Amino acid sequence: MSEETKPVLKKSLSGWHLWGIAVGLVISGEYFGWSYGWASAGTLGFLVTTALVAVMYATFIFSFTELTTAIPHAGGPFAYSYRAFGPFGGFIAGFATLIEFVFAPPAIALSIGAYLNVQFPALDPKLAAVGAYLIFMTLNIAGVTIAATFELCVTLLAIFELLVFMGVVSPGFSWSHFAANGWAGASTFSGAAIGGIFAAIPFAIWFFLAIEGAAMAAEETREPKKVIPKAYVGGILTLVVLAFGVMFFAGGVGDWSKLSNINDPLPQAMKIVVGESSGWLHMLVWIGLFGLIASFHGIIMGYSRQIFAMARAGYLPGFFATVHPKRKTPHWAILAGGAIGILAIFSDTFVQIGGQPLTANIVTMSVFGAILLYIVSMLSLFKLRRSEATLERPFRAPFYPLFPAIALVLAVVFLATMIYFNQIVFLLFLGLFAISLVFYFLSKNARAEALQADAMLSAAPGATPG
């Protein structure tokens, strides 16, 4: 494959588009999922958990932005790890990214289906979830500018709705409500609360999961070296404010324990303040759907670019690297991830792990991929600082090496904790890794050919297709 025939994505995204993707990928996590952390840690314990996770994400993003601007590649972490550690390093990062981005959409799609089923009881939630896949795969295939503009619009609507929620329930907020039995069900801190704080880590990660996916749109961004830092820094600050805002206001309006094991904590919290017949509540229920749509749509964009980049580099079958002749979008990569997601949706009833349905575990699987991705990315940053000291870095990680070291250490701690609390899912994660490893060894010749056509990968000192 020559440089002339290498599949090329269209550069058409602005900084606002990239910010919209970064925030939109994550924002469904502000609407649901996080409140399960209260069941493990209580409100005060989960506040500690969320603070730790927010520190990890903030230091990670400030460090990750250095990699994204220096190597604006559609493969994102795959490309950074390849440059740092060679083909096997790229494989590990690519595998982790695919696990994160392919396993998250089915859970979100089923949430969209459940949301619509509340409004239309005759509608089968699974068919609605499949419909969501078909609609947003089509939108992604239609063109990256169309897809990113839509993502920006629904993200802005979702943010607006979260601000409305905080404003409407603020008169009912009371610190005494929020803090009541806030240490894993106890009124005072004790050693027993520590286990709950660590057990709640996946739910705090859900507040920020997938923000790094905007890196996979870097190759389609105009002037990526200028706009990526602004988009990422603005994105993480936006999400931190929203995460703590919704958590405080939802937990302070009444008995938070009643919100800790449900999928719709925000409407239920608002109901306590304004009642069931309020127009504010109905607006939240309807517009809240945009938060789910923004993340679902954005993650489809993310997984498709990762599949595309890995196929272009020879790690996956080459036809996944084909771009639509007119739309210049990776249509086969978009359809491939969607096929896996739809299969997961219809397997939910028949497959159980640890006594829970499949979709209850695929979020945890996605988090395993994310944490491994964060670890490999920070190791890549340290390695590239040494091996490619002359690499142009339009944005340099502030307080280096402190920031990436904090992100790396916290990610390792989180991974160890996740393994301890989710051993069966972790064994499945290792099983998928072993299966993927077989294809890695079988694809050596394809990787050797592809390396010659990808300047960002072959530019690595001593890069070989091993």
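Residues numbered from 1 in each chain as written. Predicted model: local features only at pLDDT ≥ 70, side-chain atom pairs only at ≥ 80, totals over all residues. Heavy atoms only, no water.

Undergrad: Please explain the environment of Ile300 as it appears in this structure.
TA: Along the chain, the position of Ile300 falls in helix 12 (residues 289–312). Overall, Ile300 belongs to the buried group, its relative accessible area being 0%. Separated by 195 residues in sequence, Ile300 and Pro105 place their C-alpha atoms 7.3 Å apart. Ignoring anything within four residues of it in the chain, the contact list for Ile300 reads Tyr133, Phe136, Met137, Asn140 and Ile334. (Helix = DSSP H or I, 4+ residues; strand = E, 2+ residues; numbered from the N terminus. Buried < 20%, exposed > 50% of the residue type's maximum accessible area, 1.4 Å probe, protein only. Contact = heavy atoms within 4.5 Å.)

Undergrad: It is not clear to me how the layout of surface pockets should be interpreted in this structure. Could you clarify?
TA: What the second largest pocket holds in volume is close to 900 Å³. Contributing to the lining of the second largest pocket are 33 residues, with Ile99, Phe103, Ile340, Leu432 and Ser436 lying nearest its centre. Secondary structure elements with two or more residues in the lining of the second largest pocket: helix 3 (77–119), helix 12, helix 13 (331–347), helix 14 (358–387) and helix 16 (423–442). Residues of the lining of the second largest pocket, tallied by class, amount to 28 nonpolar, 5 polar and no charged. (1 Å grid on protein atoms, 1.4 Å probe; cavity = no way out; pocket = protein on both sides within 12 Å on 5 of 7 lines; lining within 4 Å. Points joined across faces, edges and corners; volume = space filled by probe spheres on them. Nonpolar A, V, L, I, M, F, W, Y, C, P; charged D, E, K, R; others polar.)

Undergrad: Got a minute to help me understand the packing of aromatic side chains in this structure?
TA: What the rule picks out here adds up to 42 aromatic pairs. Ring geometry for Trp38 and Trp256: centres 6.1 Å apart, planes at 65 degrees, overall edge-to-face. You can see Trp38 sitting in helix 2 (residues 36–70) and its partner Trp256 sitting in the loop between helix 9 (224–251) and helix 10 (265–274), a full 218 residues away along the chain. For the residue pair Trp38 and Trp256, the accessibility class agrees, reading buried in each case. Taking the centre distance of 5.3 Å and the plane angle of 45 degrees together, the rings of Phe368 and Phe426 count as tilted. Of this pair, Phe368 sits in helix 14 while Phe426 sits in helix 16, placing them 58 residues apart in sequence. This pair shows no difference in class: Phe368 is buried, exactly as Phe426 is. Among the aromatic residues, ring-to-ring pairing joins Trp34, Trp38, Phe46, Tyr57, Phe60, Phe64, Tyr80, Phe207, Phe208, Tyr232, Trp256 and Tyr374 into one connected group. If you follow Arg447 out to its NZ or CZ, it ends over the ring of Tyr440, 4.1 Å from the centre. (Phe/Tyr/Trp six-rings, centres within 6.5 Å; stacked < 30°, edge-to-face > 60°. Lys NZ or Arg CZ within 6 Å of the ring centre and 35° of its normal.)

Undergrad: How do you make sense of the confidence of the model for the protein when you look at a structure like this?
TA: For residues with low pLDDT, the predicted coordinates do not support detailed interpretation. Of all residues in the protein, 91% attain a pLDDT of 70 or more, and the chain-wide mean is 86. The element-level mean pLDDT for the protein is lowest in strand 2 (residues 356–357), coming to 58, with helix 15 (residues 402–421) highest at 95. (pLDDT = per-residue confidence, 0-100.)

Undergrad: Mind showing me how you'd approach the packing of helix 11 (residues 279–287) against helix 12 here?
TA: Packed helices, taken two at a time, are described by the angle between their axes plus the distance between the axes. In contact at an axis separation of 4 Å, helix 11 and helix 12 are set at 15 degrees when each is read in the N-to-C sense. Relative to helix 12, the element helix 11 is oriented roughly parallel. Each of Val285, Trp286 and Ile287 in helix 11 lies in contact with helix 12, whose residues at this interface are Leu289, Phe290 and Gly291. (Axes fitted to C-alpha atoms, helices over the stretch in contact; angles between N-to-C directions. Parallel < 35°, antiparallel > 145°, perpendicular 65-115°, else oblique.)

Undergrad: Can you walk me through empty space enclosed by the protein in this structure?
TA: The gaps left among the atoms become clear once a water-sized probe is rolled over them. Per the stated rule, a full pass over the model turns up 2 cavities of 30 Å³ or more. Estimated volume of the largest cavity: approximately 50 Å³. Around the largest cavity sit Leu25, Val26, Ser28, Gly29, Ala104, Ile108, Trp206, Leu209, Ala210 and Ile299, which together line it. Elements supplying a minimum of two residues to the lining of the largest cavity: helix 1 (15–26) and helix 3. When its residues are assigned to classes, the lining of the largest cavity shows 8 nonpolar, 2 polar and no charged. Lining the second largest cavity we find Ile21, Leu25, Gly213, Ala214, Ala217, Gly298, Met301 and Gly302. Elements represented by at least two residues in the lining of the second largest cavity include exactly helix 1 and helix 12. Of the residues forming the lining of the second largest cavity, the biggest block, 3 residues, is contributed by helix 12.

Undergrad: Quick question: what am I supposed to make of helix 4 (residues 125–142) here?
TA: For the α-helix, the turn length of 3.6 residues means that residues three or four positions removed from each other point alike. Taking 1.5 Å per residue, 18 residues should reach 26 Å; helix 4 reaches 26 Å between its end C-alpha atoms and fits that length. Among all positions of helix 4, only Lys126, Ala128, Ala129, Val130, Ala132, Tyr133, Phe136, Met137, Leu139, Asn140 and Ile141 are buried. Sitting at the head of helix 4, Asp124 places a side-chain oxygen 2.9 Å from the backbone nitrogen of Lys126. Just downstream of helix 4 lies Gly143, where phi reads positive at about 155 degrees. (Expected span 1.5 Å × (residues − 1). Polar contact = N/O pair within 3.5 Å; in protein donor to acceptor, adjacent residues only side chain to side chain.)

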